[in-house]
Amino acid sequence: MELSEFNPPPIQTECESSKELDYTVRSPLVAGLRCEQYVYVGVAYPYRPNNRCYVMGSTHTQQLRTFQDVKVHETRSQAHQSADEEKVMTRKQKAESRSKEAENSPKKAKQENENEHPNGKSADDIEKEFQEFCKVVRENLSVEQMRAILEANDQESSGNEDEIAFKCQDLLFYGPLEKCPVCGSKLQFDGKRYSCKGSYSEWSTCTFSTRTPPRKEEPIKLPDSVLNSPVSDLVKKYQDPSRRPAGESATPAKPFTGMVISLSGRLSRTHQYWRTQIEKHGGKFSSSVNGVTCLVTSPAERDRGGSIKLAEALERDIPVGSEAWLYDSIEKQEAQPLEAYEVLADLIVSGQGIPWDKMDPSEEAIESLSAELKLFGKQGVHKDTKLQEQGGQIFEKDGILYNCAFTVCDRGRGLNDFCIIQLITVPDNHLHLYYKKGRIGDDPKAEERLEEWENTNNAIQEFVRLFEEMTGNEFEPWEREKKFQKKPLKFYPIDMDDGVEVRHGGLGLRQLGVVAAHCKLEPMITKFIKVLCSQEIYKYALTEMGLDSPDLPIGMLTDVHLNRCEEALIKFVLKGKSMKETGQRAEAIWTDFSNRWFTLVPSTRPFVLRDYQDLGDYASAALETVRDITVASHLIGDMSGSTLDDPLSDRYKKLGCSISVLEKNSDDYSMILDYLEKTYEPVKVGDIEYGISVDYIYAVEPSACPSLDEIRKLPNKVLLWCGTRSSNLLRHLHKGFLPAICSLPVPGYMFGRAIVCSDAAAEAARYGFTAVDRPEGFLVLAVVSMGEDIIEVDSPPEDTQTLEEKKIGVKGWGRKKTDESEHTVWRDDIKVPCGRLVPSGHKDSPLEYNEYATYDPKKASIRFLVGVKYEEKGVVMDTVE
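Quick caveat: nothing in here was measured; it's all calculated off a predicted structure.

(A) Representation of the nonpolar core within the structure. With 148 residues, the main nonpolar core has Phe528, Ile529, Leu615, Ile659, Trp721 and Leu779 as its most contacted residues. Broken down by element, the residue count for this core peaks at 12 residues, all from helix α21 (residues 612-636). Setting aside anything within four residues of it in sequence, one finds Leu779 in contact with Leu676, Ile692, Trp721, Cys722, Ala764, Ala765, Phe864, Leu865, Val866, Val868 and Tyr870.

(B) Region of interest: the sheet that holds strand β8 (residues 194-196). Here we have three strands laid out as an open sheet, ordered β7-β8-β11, and antiparallel in their pairing. Edge positions in the open sheet fall to β7 (187-189) and β11 (209-210), since each of these has one partner strand only. For β8 and β11, the ladder comprises two bridges, and the chain directions are antiparallel. Looking across to β11, one finds that Ser195 is bridged to Ser209.

(C) Structural view of helix α11 (residues 323-332). Residues Glu323, Trp325, Leu326, Asp328, Ser329 and Ile330 constitute the buried set of α11. Within two residues after α11, Gln333 carries a phi angle of roughly 55°, on the positive side.

(D) Just the sheet that holds strand β15 (residues 320-322), in detail. In space, the four strands of this open sheet follow the order β13-β12-β14-β15, with parallel pairing throughout. If you trace the sheet from one side to the other, it starts and ends with β13 (284-286) and β15, each paired once. Ignoring which end each strand starts from, the neighbouring axes of this sheet average 35° apart. Bridge count between strand β14 (residues 294-297) and β15: three bridges; the pairing is parallel. Across the sheet, the residue bridging to Leu295 is Val320, located in β15.

(E) Geometry of the pattern of salt bridges. Under the defined criterion, the tally for this structure stands at 45 salt bridges. Each of Lys374, Asp384, Lys436, Asp443 and Asp551 takes part in salt bridges that share partners, so that together they form one network.

(F) Main features of the pairing of β14. Across the two faces of β14 the burial is the same, with Cys294 and Val296 and Leu295 and Thr297 all buried. Across three bridges, strand β12 (residues 260-263) lies against β14 in parallel orientation. Within β14, the position partnered with Ser262 by the bridge is Leu295.

(G) Structural context of unusual backbone geometry. We note that Lys386 has phi near 65°; this positive angle belongs to a residue other than glycine. Structurally, Lys386 is set in the loop between α12 (361-370) and β16 (393-394). One non-glycine residue, Lys807, lies in positive phi territory at about 55°. Position of Lys807 among the secondary structure elements: in the loop between α27 (800-806) and β31 (809-812).

Quick notes on the rules
- Residues numbered from 1 in each chain as written.
- Predicted model: local features only at pLDDT ≥ 70, side-chain atom pairs only at ≥ 80, totals over all residues.
- Heavy atoms only, no water.
- Core = buried A, V, L, I, M, F, W, Y, C linked by side-chain atoms within 4.5 Å.
- Buried < 20%, exposed > 50% of the residue type's maximum accessible area, 1.4 Å probe, protein only.
- Helix = DSSP H or I, 4+ residues; strand = E, 2+ residues; numbered from the N terminus.
- Contact = heavy atoms within 4.5 Å.
- Pairing = 2+ DSSP bridges.
- Axes fitted to C-alpha atoms, helices over the stretch in contact; angles between N-to-C directions.
- Salt bridge = Lys/Arg side-chain N within 4 Å of Asp/Glu carboxyl O.

This is the structure we're talking about:
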């Protein structure tokens, strides 16, 4: 297998919080013997400063040049992004950039010359004064006295002796801290910044953080024991607010504060040197690995067989970093992510592995695609129990299935966890209780137990106890009425539906040939249904979005859960449009929603959604995909059994859609080919342009859509292109088109809750394009009635709610239009805007091509599916023989 490496420009994100997130590209995947290239764009990933991705393939290796070169299954809003997207940087690069800017800035020069604080003292003088003050206070005040000072001034007084001492010294020198301006809780110094550990809501802990905390403008309250102590005169000196140092705290942010570090083997500097440096920069040194934060060693030490310390660290799952981690952390004055300096990443103890979010993205993708789904629905016995092999089934009593999955995401506390509890009954055996809890994507470290119970009532009581412990809610009201209230730092249930998710029940790669051989359908119809019933397209869709945890059946959810997700999204969009908060207050609001979102729709790599573009790409588009895969899961069911009963024909009947192959010499085939050729423009990936060729065309008649005769009775009909993922297509054919989930001021959602099509095949092709090594896709042609009155706009409509209520058709002018002199008519009165693309005169439009929005699903009817292949040949319109 060939391996090539590329370094895409990293993504830059502005973040006022101390917990800045870097974005990374999740690169090509490999499945089976094929090279499948997929990408995650913009997924938050704070632990990969090198931002490296790999392209792997057995027969094809392509050097990908830039971040913009990689386009995969674009979401509704990503499809509109221009090629001039902002380049972005990792945290490490940002720090270097800011450092260089600071060195060259006039402000920096002025500070170097004057170095003055508002009170007239230099920063160096204040730091020296503070260090001397701390020394005297520590020598003359007991821990009990310092705690009394903190409590008298309503400050946080918990922690060990060192923490209490610093809090007290900081208070006496700079003044008492005000409450958190975001949530009203008490601020604490974490060694780098003053941060809040309070709760912002039931979904989030507060993430407020600053180097210049608000302080009370009032005299410090001193207990009598302090006033009678030897340092009373010294502390009284700073009691008056006017005499305290102003501005930012002079306390240096030490990179190893709170860390215990051990060393092993031969390093470039002596152990004594590093011990001094570790302690100088806030850390503690340990000669053993018991209770340490990490072990630092040389890669050569591992190659030589390692030391006892190394083996012990590996056994205890203690991070082992290289010496470069110490250098870089000291240089940047901030502890760098250890995962980027891991020495033992490729040495895996039996039964252990690297967490998915700590892997290179390409490696994670490979793991995801090759992993089996372990929990596939409400009646699915978790695969790790092995009880399904003994005929195990989920225990049911009084209409309740005792099978629950939970998640919790809280960026402030670093939580992204799941929990599974099941009661499983095995024939001729006792009841079993299965419990599994851990971080999403970190299966080896999950807490797991399987217990056998002789008494059924006792087993049920234990199940209920665990449910209440995990969630803080009662079990039966949830199962019977779906009543549930989220509690702070508690889990929230993922409401699994009673069925089999397609990642488990769909056709595996080894089944595809056999099942097609037994199918009685026409060969071309068999080929199409086989694609829609395979596991592959649904696995890829969820892997692209990071919704691919094997322990969570995200493609088999109840309508109750999907509706809660939709309600949460719409509510936040409305709040966002009227939000006046800025800075860290706004950051807290976005973080709170992100925690809520990634609890309801769990991801292996959650991050803070920061703008409407993120909402479109990673909330709306993700929810639409999950919704459509759930429909596919119900329709496909479990196809893992015998193929002799022709399961493809059975699913075709359930689809409720008549499908026939268009003859290549037919008038409809020629019309569609002409329409595609004139309105297609190559998909550009870097410097390479991808043309398109037609593989086959199907005429379809979905029972969920109005028939051709019905829609011909409606006014102002147009034959338009619609783009779709392969994973969404089955639901379109089974249920018809659905409007967008919400209204967002970004392309793809700017018309609100509408069905949006285009007169340009180029627009639809952006959604259907997958990757250079996975060239197949689908374009949809639908007849859409725009109604008697059409509103034409060249900018996003401000009030989409009125349009939705009145179901008025809207045409959004793009920068390009189809040449009206070449338009034709199909079936007597259906307009076909198949002219060549020319400038429209609306050069300031946010849309590249014309878009048509209808708010009534009964006015859109899917008529044709065009199977296409993307080819690196320019625009190629030849039909595949």
